[in-house]
Every structure is written in structure tokens, then in C-alpha cells.
Amino acid sequence: MSNKMWGGRFAAGPDEIMEEINASIGFDYRFAAQDIRGSKAHVAMLADAGIVSRENASAIAAGLDQISSEIEAGTFTFSRALEDIHMNVESRLAEIVGPDAGRLHTARSRNDQVALDFRLWIRDTIESLDLQLRDLQQAMTDKALVHAGSVMPGFTHLQPAQPVTLGHHLLAYVEMLSRDRGRLADARRRLNECPLGAAALAGTSFPIDREKTARGLGFDRPTANSLDSVSDRDFVLETLSAASICAVHLSRLAEEMILWVTPQFGFAELSDRFTTGSSIMPQKRNPDAAELVRGKTGRIVGALTGLLVVMKGLPLTYSKDMQEDKEGAFDALQSLSLCIAAMAGMVRDIEPDLKRMKNAAGAGYSTATDLADWLVRALGLPFRQAHHVTGALVKLASTRRIGLEKLPLEDMRSVEPRINAEVFEVLGVDKSVRSRTSYGGTAPANVRFQAKRWAARLAKEAASSRT
């Protein structure tokens, strides 16, 4: 039996394997709300242009509303034989409205229809992700304000480098997430053109009003080239690229949390809400939520790579290969949403061990740079010479297995005779962080200023979104 939607060209139905490989309803059912929204805007425009009657348009719109209610109620039957969400909706509409339901597809194709649905879905998803990222920034900002002066080690090469504060560390991720939100906003801005009306690839001879359709669906304008409208998926690629960078940021923080909660670091503890136990080792508390954030990043990056490979060899315009644009995007953006939610929960849940962090901040001669800077400021040494003197003092302290602040003054003078007792004023970790007052530095006063600035900005964004 031929597919009724295809018309008279086919005398027989598809082979079972053909149906298996061809059907997309198993995943593109997610477009149901966007497909119905687009169809309602399209039929309204057709009526305004006199292409279909007001009576037909009204009946079609009512039928689409009924289908939407059925889908929401879970009573709608999705059929694999009808391939995709577009045909499933159109078939049900024909049952409700009768033959006049077929007028809905005037002046459009599944090619511009799916391009529209995907743009609408990506746009909706970006807006949802942005709200989640803002919430995560809020969680980090709140924690940063509390811990603006809580000293911890700063690392390079995963070796103790210089003391910083926990608040400063968290605000680093707030900045990263701000750029992530900016990339997603840029992707949303660029995708906000309406492809509906491009039809299969060449446009249509019907006197449609694409500007009206675009405005009705909240787009800035219609797309300017019908070939480009149906054939490109750069809006998905750009969104997946932004999502991948965001996921990498989340993965880096997850990795740090995993390290922090180990007995070897002991910097923090996650509660039972975000850890799991072992089936054989009763003492274990595993940071599985953080590990899964780290792991799911691979899926998100993989989705971007997969779609790039799908698109790289396709001539204009639409090819069935492009059906492979959806599953990876659905999975990746759903995974990112879950990762953001999990990370926000962990940030709010995690309890730092401030004493352990502060003790670790002084390990590995982390105030050596403070000593070198003092030699430059107080004694007028060129920095390279100060670096050399400091290195010799670190070596001397290391030989004696004591910290720089415990090295006797006379021993320091054996390396540089002009050193005086004022040097000890810069060697403690608290003194070190307080001295880093340059803009963007880790001084607690700086961190409080930046945390309050972010708190005000996020509050303003939240208020704006409510109006």
C-alpha cells in the first residue's frame, strides 16, 4: 500500500527495512509543539493572503489545537508508517477536518517545515539553557560572597602556585559561564530568521507573505535565500559548539570537585544528595554526579563532531542525510541541561573544609612570588635577580624542611645581605591574598566587589525576565 501523503507516484509501500531506516518519528516527535505552532502561523498567513478561505483556516487551526491537546494528554498515536512528526500531525488533522486539511500544506514543503521546527526548538532550548546557566551563576556568586576571604591553594600544572580565595576561584567559573551564555545568545540571534516559505528549495509561486509569518513566530525576518533556508544546519552546529564549550567548563569544575573531595585533598565534602556508595566497600562515598557531568561532556562534544561530519559533504540543497541532525542535538542539549542542573545542586551542596584549604595554601612555598616581589619593591632588585635569590631561599628552606616564613633572618641574609625583618610581613598566605589588589586579583576586597557586581547583574536579569 502506498503512503497516502506521497500521492500517486508510488504504487507500493516501503520495504520493512526501508521503513526502519527512514522513519524519524521515534525522535522528531519532540518537534510537536513547534510543528503545530508553525502550522498555525502558516495557515493564518494563507488566509490573510486569500490562498485559503477563512472558514478552512479556522477549521484547520481548531484541528491543530485539538491535536496539541491530544499530544499533551498522551492520547495521540504516533505512527512509524507516517515517518515523521509532520506527516503524523497532517494525517490526524485530515481525520478531524476532512479533505480540506490538505490545504494546510499549500506553499510549503517538509523541507522548510522541518527547518522551521528545528529553529523554533533550538531557540526554545537556548532560552531554557540560559535560565539554567543564570541559576548556576547565582549559586556560585552566593558561595563566592560567603568565601571571599577563604584562602585556598591556586594551582598551575596541578602544583601549588600562589594562594587565592575560594570566592575568587568560583567567580572564575561565573565569568566562563557568562561567555557561554553570550555564545548561546549569539547563536540565537543568528538563527532568528524564518525559513518557512522557502518550500522545497526554490520558493513558491503562491503570493505568500513571509514577513507576516516571520513576525507571527517571533523571528526578526524571513531568510533571504530559499536554497540556504532548507539546506544549512549551521544554527544547530553553532549551538552545539557553544554547548560543547560550556560542557567543557562544567567538566573542569566537576574534575576539581572530584579532586577536592578525595581524602588526599580533603578540601570539601559533598552530601549524600550528590554521592553514591559502593556495593562492596561500605566506606565509599563516590562523587558520581560530578563524574557524570565530566563523562557526559564527551557525548556533547561528540554530537558536534557527528553533525559536522554529516554536513561536510552535502551539496545543495536538502538530502536525507540531514535527518541525522536531530538525535545528536536532542541528546547533547538535554545532557547539557542535566549537567547544569546537577552542577548547580553540587555548588549549593558542597561544604569546604576551610582549615584544610588554608593549610594547603601554604604548601609548596606558595608565597615565594610574594618574597620575590618584596625584594623588587623594598631592595630595588631587578626581578630576574629577585627570582634567583628567592629560588635560593626556597632551596635552603626545602633542605631544612621548613616554610619560608620559618627561615631565620640570618639565614636569609646569607643569601642576600640586605634582607630585613620586614620581609616576614609578606610571607603568610593571608597577607599574600590581601596584597593581590590589582583589578581582577584575588584580594578579598576585590572578590567581594566582583561578587556583589555579579549579584546585582543577575538580580537585574531576573527582574527583567519577569516583566
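Rules of the game
Residues numbered from 1 in each chain as written. Predicted model: local features only at pLDDT ≥ 70, side-chain atom pairs only at ≥ 80, totals over all residues. Heavy atoms only, no water. Pairing = 2+ DSSP bridges. Helix = DSSP H or I, 4+ residues; strand = E, 2+ residues; numbered from the N terminus. 1 Å grid on protein atoms, 1.4 Å probe; cavity = no way out; pocket = protein on both sides within 12 Å on 5 of 7 lines; lining within 4 Å. Points joined across faces, edges and corners; volume = space filled by probe spheres on them. Nonpolar A, V, L, I, M, F, W, Y, C, P; charged D, E, K, R; others polar. Contact = heavy atoms within 4.5 Å.

Asker: Looking at this model, I keep getting lost on the pairing of strand β2 (residues 159-165). Mind explaining?
Answerer: Alignment of strand β1 (residues 151-156) against β2, held across six bridges, turns out to be antiparallel. If you follow F155 over to β2, its bridge partner there is P160. The turn linking β1 back onto β2 is made up of two residues, and H157 within it adopts a positive phi angle of 60°.

Asker: Hey, could you run me through the layout of surface pockets in this one?
Answerer: It is the rolling of a water-molecule-sized probe over the atoms that shows where space remains empty. Approximately 430 Å³ is the volume attributed to the largest pocket. In terms of lining residues, the largest pocket is bounded by 19 residues, among which F155, H169, Y173, R252 and E256 are the most central. When contributions to the lining of the largest pocket are tallied by element, the ones reaching two or more residues are β1, α7 (166-191) and α10 (234-260). Residues that form the lining of the largest pocket fall into these classes: 11 nonpolar, five polar and three charged. If you add up the space inside the second largest pocket, you get close to 290 Å³. Taken together, the residues of the lining of the second largest pocket sort by class into six nonpolar, four polar and three charged.

Asker: Is there a simple way to explain the environment of E405 in this structure?
Answerer: Examined against the element boundaries, E405 turns out to sit in the loop between α15 (383-400) and α16 (409-415). Sequence-wise, E405 and A202 are 203 residues apart; in three dimensions their C-alpha atoms are separated by 77 Å. Setting aside anything within four residues of it in sequence, one finds E405 in contact with F424 and L427.

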